[in-house]
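Structure at a glance
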Amino acid sequence: MENFNPNNINEEVKQNIEKKVFKAVLVDTTDVMKSAARDAADEKMTLEPPENPEDLKGMKKFFKSEFWKRTGTRIWKHGILREYTRNKEIYKAREKILNSGNIGAGEDKDQAYHDKFVNDLVNQFSSEYETAIHTDAGEMKKVYDGKKEDSEVNRKEESVKNFVKEKIKEYATGKISEAGFLEFEKHLFGELKGDIEGKQVRTDVMHASNMLEIAKQVKKAMENGQILADEDFEIDLIYGKSKGDVRTESKFTHSEKWAEKISETKIGQFVNETTVATAIALATSLSRSLSSKLASNKAAQFMTFGGSALISGIIAKSRKQREMIQNRTHHNRDMAKGLDYGEKDLNRKEMENFRVDTIGATAVIEEFQRVQEMIASGDKSITPEILQSILVNFSQIEARVRLSDKEHIDMIHYSDPSKVVEERWKVDIERSKLKAELIKMSKSGKLEIPEGYNFDTYISAMTDTQVNALVTDKEHGIDVKDRAFNKMKRSKGNKAALTGFITGLTIGTLAQEAAVHFTHRTGIIEDVYHDIKGDHVTGALGGVEKMTGLAYLKHYVSSDMSSHFSGNNVHEFVMGSNTMKLPEGMNLVHNPDGSFNLLNGKDVIGNHLTMNGDGTFSKEAIDVLHKNGIDIKVDTNYASHLEKHTYSDPADYIKDHPKGFHNIERKMWYDNDTKEFDQNELRTYWSGENGTGINGNGDYVLDVGHMTPDGSFHGDLSANARELLAAGKLKMLFTMSEGTQNHAMWVDVDANGKINVEHNSELGKLFFSKVNGHAQFNGRFGEVAEDLGDGKFKILGTMEGKGLSDISTYTGAVDEIHKTNFIIPGKYDYRVPPFIPVVPGDPLEPARKKAKEDKNKKEQIKDKKSPDGQVILTDGFYGEEDKNTLKENKEFSKEVTEAEYGGLKDDLKMLNKEIQSHHGIIMLEESSFKSEYGKKRYNELAFIKDEKPTRFNKEELQIIGNEMETYLSGVKISSGEKVETKEDKKLSKQEERAQFLKTLEDYLPNATNTKVQAAINSKIFELKKEIEDEEKIENPKQEIKKVVVQKEVKKQEIKKEDKKAEKKAKEEKEKKSIKKKINEALDKVENTMGKGLDALDNGLDSINSVFEKKNKKKNQKQEEIKEVPFDKNINNIFSIMTDTPKTLEREIDSKIEQAKDLPRRNKQAFMIFESDPAKVAGLKKKIEELKLKYPTAHFEFITPSKKDKETIKDNDTAEEYMKKVVKEKMSKVGLNEDDVMNFATRYK
Amino acid sequence: MSQNTNVASVKNMNEEFIEKLIVEAGMAIDLDAEVLTQLKKDMLDRLEDRINAVILSNIPEYKLGEFEKVLDSDDEKAISDFYTATIPNMAEVLAGEYLDFRTRYIA
């Protein structure tokens, strides 16, 4: 760069007067670029509203493809992937902007858009007005003019300027190309930005400049000969930083802000590379051991799961809140850019509720220009009051600009996205111009400034007041909007947290189940299917069964955690009559001492196991195995080699089985000389438990101890039964039939008269049975006899039976075959389901351009606007005559309806009230007016048709007010009664004053500036005094009365106030209490989070404890009642038809007794026919009791289906049905009819 | 070594970590090259996000303001120095995160 010579300054300045001076502007637009990229991304993240919203309500929505499509989009793009997609779109938009150099490229705007943006920026930064640069918003401007006080600074600035000038000349003379010039410009920008900001410039920066345009102009001028040499033009370089977009920025809380930051900045990349390398090495070396530990540590998995559930809920809340914040920002920015939304855009409508009222930039420009014109033209209508009003309006705009810049809230809106910079700049210029005019007015004394103020301090104080009003307005202030928004944000956040928690649990579990095919895990469906099918192979020892969390939970809850082996994963080891089913990988190894070791692979899991003679494990061995966690289940089957032989004649039986039978001879019967049995003849009683004839061992017992010494005689002969008992001379003889009564089996009668027949003895089996729990004698005679020796007996007493026939015998043997199963704790590998929270997004609808007809409409209105800004009356409304009368403010008389008259009065009152505040003015609408006149005139106002309801139109509204007042002064109600308009007029003025007073009093607490407060107080005092004076003049007596009334009213008001205060205090107390509770709840949540692992750990312990207790209880119950399966080991099957628990029990007892006499009596199956399900329910309790009573028996109800019932007509058909069902069951388990002794015996 | 080189180097190490992880988890099998590239990119983004989060969670709240300023300065050395001073066991902290990230894909 060329050196600047400070000694030549004065000379050069002189020369500059003659020279053409170009303002070269170089503006840093990096921040604008970032905002533009975010806006473009946000626009991409919108979702069109449904075409037919009604179709997406109720059940019918599930049949609409649009519903599913929208739901999918909301879940993925706007839900799960929202942050990712948005960031991707921001990145894409940023790339597009940087690559194209077009600030609007992200939103597909053309080059003209960018050119206008640059042009507007150049205008803004080259403007002389200070207000054009918004330093509060972060803008800056530095002029390199070499006119600073510091010569060193000047030298540097001159150096830069000359460098720029040199490059322009090089371009103009063709020494460098356009590309070369742009490269220089980029380099210069980097240098200046780095110099000003004091840091290295990143690559993703952007700037705007007019330097190439200047270079082109110079080139053209040189070509035309207008510039011939260096001294013919000069450069003033302006460097600036722009915030040239709308102002609204997302307001995040601390955590939200960081979440945003970490998603945009790769802070992890700034970690020292050695640290990262160490960390990766550490992670890799630890990964194998730790990950396996983690995989085996289910508590850790559950902690992760529980933690995920908790954290995911919190994250879902945070994400939803962030979405709401971003939606609000997005909507506010769109509206500030002059965009619009439609009727169906519900999310936009919702966000609109939280948008602060903005004021149109074009309206401000027009209004300020109009006021300036009025002032400049010396308009006499500008009274000191109007000037004060202008000052208030001016301060309000100042307040809006200040809030926009400092608080990043858009308080002014623009007409189009491309006009933001232009319109803002124009507003700034008009602000400066109007300010200058007002200063002039102030200096000339036309504008009164209160004592103690100068113009600047007064404007500053007023601006403070306006800022305060905009922030704290009770209905429309920023604070109110923020509070409402935060409430909605919290509510949606909580809802999202709940949705996230529920969907996380559900979808994660379902997703894991759905993925079983790919993960090779057993899912719940497969598990249940195998349970039903009965071929479940779980928890194999040789391998580990992989299952889903839900399938594992099913096993855990049902306490089915053991291994079961079948099919190919077992091998058999035969030892004697015992076959052991060993799981794959397990083996029994013989020891030299005859014992065995049980091995699992190479591990010994049972040492020195001894066997019983039949090859089953000894009790000691079972204990050893049990200690090692292995249980043994032995199933015993019986292999029958029996042959049945039936004797129809007992004599034949005795012939074939002589052992135990004795030939006897009865010498005499002590018949007591009577034909009928009596005395000792009848004193043979059943003994045993409760006289059943059966003792505790199941043996049959009788008792003749009751025989008396003199109860047996015949003629002269007698026998002393007691003596014979004591001498051991009595026996009991048992004979099978009358034909074989000389062949008897006998037992001795003991000294107490007891006769014991062992139930397993041939005598017991042949002659006795147990019927209904009672012994039954099946032989023909049982005789108590005196043993005379040599088989000779004298008979004392006789017991009779039916006698035996058809005696069945069996030859051969029944072998016991054992099968030993190992019950080993299963090895399961399950995965805790992933936690997948799904919270659909609530995307905004796309913003829309305002309809074109608005512009046309605006133009039409403009035509109607009078040059002096006043409204024009519409022809034909009240008539031309009225119009002229009103315009000329003449007295006139007209009839109107009573309603219209009342409406006019109300409208006037309403106008006087609303006109006092900006909010009042903008809230006005046609429906606010009651009179036809008011409605009509309101719609004719220029600012209404321009859609600019601003307070600057207060004057127009005042005109309507004046018209109404005039009108009311002359109209008559159509009934003919003249209205006292002067009184009304007076009343109206009083009301207006009262209203103004109220407005001031209301506002006073909000005024923060003490001087403004003082001014308001002064005005209030003045107004009150005016009112008092007026009232006193009117009616002194009434005034006294009024004072009394007022005092009373005041008292009432104080009371009311007290009550209000009391209520408020109560509410505050309640609020504090709620807040306290919320804080306590939050503390608890924090504690929960803080002690999350402990809590989850404890939670898991509790869950485990509950499960353990549950299992224990269940196991206890199961120990008590063991279900006996219907399998191949069944020895007898009995079909029973019954209908009461009592008869059911009696019959089962009888059958059990019957089965006891059979060689195979281990396992009975009772198939109970009952067609009525209700009765089945009633019988179940009894069956449970019977299961306890007969633990080896199988009980099952056979309940026919409705169809089967039709075929059952009577007992026979019922029996057929039972047989059919039982046969089917037998076939299923591989039982043949020959395998069971009693097959489906019908018993009724 | 310049700071830019450091950033590139860290990125490379992370990429290498992801590459290995994809191979170990068997995710590369039967995947189109284009899909694989996208998968790697997504996983890298996710890893970087998690590392960002874990670093942030290890910075005491009272130091966040200072951290924000350092971060906004874009001075990589200052950021790196801040980490060293604030999280002395950074290697262990990051190792835990890498490990956790890995176990999400390989159990």
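Residues numbered from 1 in each chain as written. Chains lettered and ligands numbered in written order. Predicted model: local features only at pLDDT ≥ 70, side-chain atom pairs only at ≥ 80, totals over all residues. Heavy atoms only, no water.

1. Re the overall build of chain B
- Assigned secondary structure in chain B consists of five helices and zero strands.
- In chain B, the succession of helices and strands from N to C terminus is α-α-α-α-α.
- The 107 residues of chain B split such that 43% are buried.
- Counting every atom, chain B has about 5,700 Å² of accessible surface; 51% of that belongs to carbon and sulfur. (Helix = DSSP H or I, 4+ residues; strand = E, 2+ residues; numbered from the N terminus. Buried < 20%, exposed > 50% of the residue type's maximum accessible area, 1.4 Å probe, protein only. Areas by Shrake-Rupley, 256 points an atom, 1.4 Å probe, with all protein chains shown as cover.)

2. A few points about the sheet that holds strand β2 (residues 140-144) of chain A
Residue and element names in this part refer to chain A.
- Here we have four strands laid out as an open sheet, ordered β2-β4-β1-β3, and mixed in their pairing. Either end of the sheet is taken by a strand with one partner, and the two such strands are β2 and β3 (207-209). The sheet shows a mean angle of 20° between the axes of neighbouring strands, taken without regard to direction.
- Note that strand β1 (residues 20-28) and strand β4 (residues 233-241) share nine bridges and pair parallel. Each residue of the ladder has a partner; that of Lys-20, found in β4, is Phe-233. (Pairing = 2+ DSSP bridges. Axes fitted to C-alpha atoms, helices over the stretch in contact; angles between N-to-C directions.)

3. Some thoughts on the pattern of salt bridges
All names here are of chain A.
- Under the counting rule described, the total for this entry stands at 56 salt bridges over all chains.
- A salt bridge links Asp-108 to Lys-96; the shortest N-O distance between them is 2.9 Å. Here Asp-108, found in the loop between α4 (82-100) and α5 (111-126), pairs with Lys-96, found in helix α4; they are 12 residues apart in sequence, far enough to count as distant.
- Look at Asp-108 and you get exposed, because its relative accessible area is 56%.
- Residue Lys-96 is classed as partly exposed on the basis of its relative accessible area, which comes to 37%.
- A salt bridge links Lys-492 to Glu-350, with the nearest nitrogen and oxygen atoms 3.2 Å apart. With a gap of 142 residues between them, Lys-492 in helix α17 (residues 478-514) and Glu-350 in helix α12 (residues 346-352) connect regions that are remote in the sequence.
- Beyond isolated ion pairs, a larger network of salt bridges with shared partners links Glu-1145, Asp-1149, Lys-1182, Glu-1185 and Lys-1189. (Salt bridge = Lys/Arg side-chain N within 4 Å of Asp/Glu carboxyl O.)

4. Details of the pairing of strand β9 (residues 570-575) of chain A
Residues and elements named next belong to chain A.
- Inspection of the sheet shows β9 paired to strand β10 (residues 578-583) by six bridges, in the antiparallel sense. Directly across from Val-570, in β10, lies its bridge partner Pro-583.
- A loop of two residues connects β9 with β10, the two strands running antiparallel in sequence, and Gly-576 in this loop sits at a positive phi of about 60°.

5. Notes on a negative patch on the surface
Residue and element names in this part refer to chain A.
- On the surface, Glu-1053, Glu-1057, Asp-1058 and Glu-1062 cluster together into a negatively charged patch.
- With respect to the secondary-structure elements, Asp-1058 resides in helix α34 (residues 1036-1090).
- Its relative accessible area of 47% is what places Asp-1058 among the partly exposed residues. (Patch = residues over 30% accessible without salt bridge, like charges linked within 9 Å, V, L, I, M, F, W, Y side chains within 5 Å. Lys, Arg positive; Asp, Glu negative; His and termini not counted. Charge placed at Lys NZ, Arg CZ, Asp CG, Glu CD.)

6. Considering the pairing of strand β19 (residues 700-703) of chain A
Residues and elements named next belong to chain A.
- Neither face of β19 is exposed, since Tyr-700 and Leu-702 on one face and Val-701 and Asp-703 on the opposite face are all buried.
- Sheet topology places strand β18 (residues 685-686) next to β19; two bridges connect them, and they run antiparallel. From the neighbouring strand, Tyr-685 faces β19, where its bridge partner is Asp-703.
- Of the pairings in the sheet, the one linking β19 to strand β24 (residues 754-757) comprises four bridges and is antiparallel in character. Following the sheet pairing, Leu-702 is matched in β24 by Ile-755.

7. Concerning the environment of Thr-820 of chain A
All names here are of chain A.
- The residue Thr-820 is located in strand β30 (residues 814-823) in this model.
- Owing to a relative accessible area of 1%, Thr-820 belongs among the buried residues under this scheme.
- Measuring from C-alpha to C-alpha, the distance between Thr-820 and Val-574 comes to 9.7 Å, with 246 residues separating the pair along the chain.
- Apart from residues lying up to four places away in sequence, Thr-820 is in contact with Asn-578, Thr-579, Met-580, Lys-581, Phe-617, Ile-632, Lys-633 and Val-634.
- Side chain to side chain, Thr-820 and Asn-578 meet in a polar contact 2.8 Å long. (Contact = heavy atoms within 4.5 Å. Polar contact = N/O pair within 3.5 Å; in protein donor to acceptor, adjacent residues only side chain to side chain.)

8. As for the confidence of the model for chain B
- On average, residues of chain B score 77 in pLDDT, and 88% of them reach the 70 mark or higher.
- Element-level mean pLDDT values for chain B span from 75 in helix α1 (residues 3-24) of chain B up to 83 in helix α4 (residues 76-86) of chain B. (pLDDT = per-residue confidence, 0-100.)

9. Concerning the packing of helix α7 (residues 178-197) of chain A against helix α8 (residues 211-224) of chain A
Residue and element names in this part refer to chain A.
- Put simply, α7 and α8 touch, their axes get as near as 10 Å, and they point 135° apart. Looking at the two axes, α7 sits oblique to α8. At the point where α7 passes α8, the crossing takes the right-handed sense. Seen from α7, the contacting residues are Glu-178, Phe-181, Leu-182, Phe-184, Glu-185 and Leu-188; seen from α8, they are Met-211, Leu-212, Ala-215 and Lys-216.
- Counted by class, the contact of α7 with α8 contains seven nonpolar, no polar and three charged residues. (Parallel < 35°, antiparallel > 145°, perpendicular 65-115°, else oblique. Left-handed = near helix turned anticlockwise from the far one by under 90°. Nonpolar A, V, L, I, M, F, W, Y, C, P; charged D, E, K, R; others polar.)

10. Some details on the sheet that holds strand β22 (residues 730-735) of chain A
Residue and element names in this part refer to chain A.
- An order of β16-β23-β22-β27-β28-β17 is seen for the six strands of this open sheet, with the pairing classed as mixed. Sheet topology places β16 (662-663) and β17 (665-669) at the edges, where each strand pairs with a single neighbour.
- Examined bridge by bridge, β22 and strand β23 (residues 743-748) share five bridges and lie antiparallel to one another. Each residue of the ladder has a partner; that of Phe-734, found in β23, is Met-745.

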